Amino acid sequence: MVIHGKHIAIIVEQLNKFNPENQSVEDFLNESAKMLQTLNVTEEKFVLDTLAGCIEYRSLLDVVVNAFFVRDGRYCLLSERNLYVVICYLATFQLEELGLQRFSRIVKSLDTAKMQKFLRFFFNALYLNTWIKDEWSHFYDSPYVKENWIDPLLRWQPKVQKLIEQLTDKLSDRTTTVKTSKVTQPKEFNLTVPKPRAIPIPLPIPVQEKRPPIPASTYKPPKEKKQLEEIKTKNRQKAEDLLVKANANQFKCATMKSEKGQNIHDTMKSRPAFQAQKIQGKIGSIPIKLNAAAILREGALYQRKMEQELQRIENLLRGAGDPSEFLEWQKQMRGKDLEEQLAEIECRRLQGKLSHEEAVLAHQNVIQENKKKADLMREEKAELMHQYAEKRLQEQKDLRELVEQVVEGHKNAKQAKIKLQKYKQQIVQEVCEENRELLRQALEEEEEKLRKRYELIQQIRAIESLPIIRHKFVDLTETGGHGLICEMSIVELRERLALLREAQKAAEEEKRDQIIHEKQAKEQLLLDKLDQISVFRAELGRAAALKQEEKKRKLQSCERLTKDERILNLQKKIAEKTMERKKQAGLLKITPQKTSIASRKDSLQWNHWKELEESRERQFRILQHGFMARETAQKMAAYEAARSGATACILRSEIK
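Please read these numbers as outputs of a predicted model, since none were measured by experiment.

I'd love a proper account of the nonpolar core, names of residues and values included.
Here is a general trend for soluble globular proteins: nonpolar side chains tend to be buried in one another's company. Within the largest apolar cluster, 63 residues are counted, with the highest numbers of intra-cluster contacts made by Leu 90, Leu 119, Phe 122, Ile 132 and Trp 136. With 10 residues, the top contributor of residues to this core is helix α5 (residues 81-93). When sequence neighbours within four positions are dropped, the list of residues in contact with Leu 119 reads Ile 87, Phe 103, Val 107, Leu 163, Ile 164 and Leu 167. Membership of the second largest hydrophobic core comes to six residues, among which are Cys 347, Leu 354, Leu 570 and Ile 574.

Provide a residue-level description of the environment of Glu 565, including the pertinent values.
In this structure, Glu 565 sits in helix α17 (residues 565-587). Take Glu 565: its relative accessible area is 61%, and that puts it in the exposed class. Between the alpha carbons of Glu 565 and Cys 347 there is a distance of 9.9 Å; along the sequence they are 218 residues apart.

How would you sum up the pattern of salt bridges? Please name residues and give values.
A complete count under the given rule lists 21 salt bridges for this structure. The salt bridge involving Arg 81 is made with Asp 62; its shortest N-O contact spans 3.0 Å. Separated by 19 residues along the polypeptide, Arg 81 in helix α5 and Asp 62 in helix α4 (residues 58-70) bring together distant segments of the chain. Here Arg 81 falls in the partly exposed class, since its relative accessible area comes to 22%.

Describe the packing of aromatic side chains, listing the residues and the values that go with them.
Taken as a whole and assessed by the stated rule, the structure comprises 21 aromatic pairs. Ring geometry for Tyr 57 and Phe 93: centres 4.2 Å apart, planes at 20°, overall stacked. Taken together, the residues Tyr 57 in the loop between α3 (41-56) and α4 and Phe 93 in helix α5 connect sequence positions 36 residues apart. Ring geometry for Phe 93 versus Trp 149: centroids 5.4 Å apart, planes at 80°, classification edge-to-face. Here Phe 93 is found in helix α5, whereas its partner Trp 149 is found in helix α10 (residues 142-176), with 56 residues between them in sequence. Trp 149 carries the same exposure label as Phe 93, and that label is buried. Among the aromatic residues, those joined into a ring-pair cluster are Phe 68, Phe 69, Tyr 84, Phe 118, Phe 121, Phe 122, Phe 123, Tyr 127 and Trp 131. Sitting over the ring of Tyr 127, Arg 71 keeps its end group 5.2 Å from the ring centre. The side chain of Arg 102 reaches across the aromatic face of Phe 46, ending 5.0 Å from its centre.

Describe helix α2 (residues 25-35), listing the residues and the values that go with them.
Taken together, the buried positions of α2 are occupied by Phe 28, Leu 29, Ser 32 and Ala 33. Buried residues of α2, seen end-on, are gathered within an arc of 135° and therefore sit on one face of the element.

Go over the confidence of the model for the protein chain, please, and point to the residues and values.
Mean pLDDT for the protein chain: 76, with 78% of residues reaching 70 or above. Here residues 557-562 scores under 50 on pLDDT; set against residues more than four positions off or in separate chains, the count is 11 contacts. With pLDDT under 50 throughout, residues 590-599 is counted as low confidence; its partners more than four residues away or in other chains account for one contact.

Account for the packing of α4 against helix α8 (residues 112-122), with residues named and values stated.
Put simply, α4 and α8 touch, their axes get as near as 11 Å, and they point 115° apart. The element α4 and its partner α8 pack so that their crossing is right-handed. Contacts between α4 and α8 involve Val 64, Ala 67 and Phe 68 from the former and Lys 117, Phe 118, Phe 121 and Phe 122 from the latter. Split into classes, the residues belonging to the contact of α4 with α8 amount to six nonpolar, no polar and one charged.

Tell me about the packing of α5 against α8, and name the residues and values.
Two elements in contact, α5 and α8, have axes separated by 11 Å at closest approach and are oriented at 50°. Accordingly, the angle class assigned to the pair α5 and α8 is oblique. Read as a crossing pair, α5 and α8 show a hand that is right-handed. Contacts from Leu 83, Tyr 84, Ile 87, Cys 88, Ala 91 and Thr 92 in α5 reach Lys 114, Met 115, Phe 118, Leu 119 and Phe 122 in α8.

Describe the environment of Met 488, naming the residues involved and giving the relevant values.
Note on placement: Met 488 falls in the loop between α15 (324-464) and α16 (490-553). Taking relative accessible area as the criterion, Met 488 reaches 26% and is therefore assigned partly exposed. With 10 residues separating them in the primary sequence, Met 488 and Glu 478 have C-alpha atoms 7.7 Å apart. The residues contacting Met 488, other than those within four sequence positions of it, are Thr 479, Leu 493 and Arg 496.

Explain a negative patch on the surface residue by residue, including any values.
Residues Asp 398, Glu 401, Glu 404 and Glu 408 make up a contiguous surface patch of negative charge. When you line up the elements, Glu 401 lands in helix α15. Exposure remark for Glu 401: the relative accessible area of 48% places this residue in the partly exposed category.

Cut-offs used in this document
Residues numbered from 1 in each chain as written. Predicted model: local features only at pLDDT ≥ 70, side-chain atom pairs only at ≥ 80, totals over all residues. Heavy atoms only, no water. Core = buried A, V, L, I, M, F, W, Y, C linked by side-chain atoms within 4.5 Å. Buried < 20%, exposed > 50% of the residue type's maximum accessible area, 1.4 Å probe, protein only. Helix = DSSP H or I, 4+ residues; strand = E, 2+ residues; numbered from the N terminus. Contact = heavy atoms within 4.5 Å. Salt bridge = Lys/Arg side-chain N within 4 Å of Asp/Glu carboxyl O. Phe/Tyr/Trp six-rings, centres within 6.5 Å; stacked < 30°, edge-to-face > 60°. Lys NZ or Arg CZ within 6 Å of the ring centre and 35° of its normal. Arc of directions from axis to C-beta. pLDDT = per-residue confidence, 0-100. Axes fitted to C-alpha atoms, helices over the stretch in contact; angles between N-to-C directions. Left-handed = near helix turned anticlockwise from the far one by under 90°. Nonpolar A, V, L, I, M, F, W, Y, C, P; charged D, E, K, R; others polar. Parallel < 35°, antiparallel > 145°, perpendicular 65-115°, else oblique. Patch = residues over 30% accessible without salt bridge, like charges linked within 9 Å, V, L, I, M, F, W, Y side chains within 5 Å. Areas by Shrake-Rupley, 256 points an atom, 1.4 Å probe, with all protein chains shown as cover. Lys, Arg positive; Asp, Glu negative; His and termini not counted. Charge placed at Lys NZ, Arg CZ, Asp CG, Glu CD.

So, in structure tokens, the structure goes:
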């Protein structure tokens, strides 16, 4: 047993020295063979085979050892990792060859507690059939893993379990046979008995003074907060009123005449000014600065408009018709389209409300059908449970009969196992002899290869030791001598580069002068465009003011919505559906919890439809109010944007 422990220690020591990054497996095995010359042939072969197997199957062995350190070996030393790797290799790949007796000697020669813990973890049938098999299948095919490694381990598991029980008994004997030492019996000290102390007089309990009560104002909000809230609501209401007035009377400043400006200024001074208008005046007084792109864009726009106007005048002179009648007819058609659109919106809203009522009725019908289905399902469930109970009783009877048959089969299988074991031992002995012969031949071939390699290395080193002249003299006036047409020396290359730099500088100066001339021409063009833009803006302002006065006269023509027959029919249908839904809800008998949930859902849906209806009405009023003023608003917005900053500032100051 000592010899086996010595062999395992040698294998662990060699594995600790092996570094796969700096050393190949062949070199490592050759070095290990030189160190193991003191052992006999069989021992040396066992050590080398184990070393080679641990290195070859390192990935498979690491899976088991890493899991062992995570689960059962949390308190084991990491320096003993290779010891568990060796035991795992012997149990997985060499157990058939070694036999249980020799494997038991190896295990018993090592630390009993460590071996008992590791073997109990590794030969767990549940682990072998589940995660160990799955992890090894990542490296090799799953059928190969199961046939060659997992199944043999499961066959050896009952015998190895007996070995684990022996190790456990050995540990328990070690713990029970502990030498008991004599317990020291303490003796009491011979101390003098202290005199009893006098009971002190209790001090009077101090009476605390009564605190004044907490004032009631602590739990009340301050008056200043209420005043601030009132002021805030008043200011917000004033701001909303002013916003409504501003939206209703927007773009009025464009229709003011110059001769009435002084009178309006005097009347506005007498009225109380609101602070929000002052802020608007400050913001609007900022002049608009136009860049070059904006000037050119606006100039091109006015130029295009002027060309269109000239083309229109030429067409009129040639006898073309005036499109004003067509535009008037187009406005009337758009008004009719708007009325039809509003009627269609109202119809869609009422249809949505009608579909909501129909959906509520359908939901109530579905609840009644679900109740009937639930009763049928309860009856079917009771019948199925009865059938399931009878089936379970029959299965238990069949299972008992199967267990009895399996027990009889186990008794006959023991004799077959003994015969199979003897046959396998004979095969193992024959294979061992063949392996020894093959190993001897492989070692001789490796020695011959190493000898040839050593001779080749000596020849290469002798060739490398010869001196080589590496100096080379360079003449800058000579060419490379490659036989090309465009070859030149370094001196000629430098001269040509100097000439190219001078030509590049001259081209840059010429380009700079050209850019300066183009910039001056562009600035002159922008000044001309600004003069042209100012003339066009003045003319457009006058034309827009006149058009706004004409549009205001026609603003009050489209203010009502004629109700369609479809709308009246839909409203009647909705009223009938609501009455039917209320009657159906009264007939339904639902539990209080379900009725509360349904009523909550109905209230939420009703609020949702109410909000939709209010939003549709608001959209209808906005469309009805803003249809006729849409073109006016767009043109006035363009007119306001086209005006200069100084003009806008003067108008706002007059309004204030």
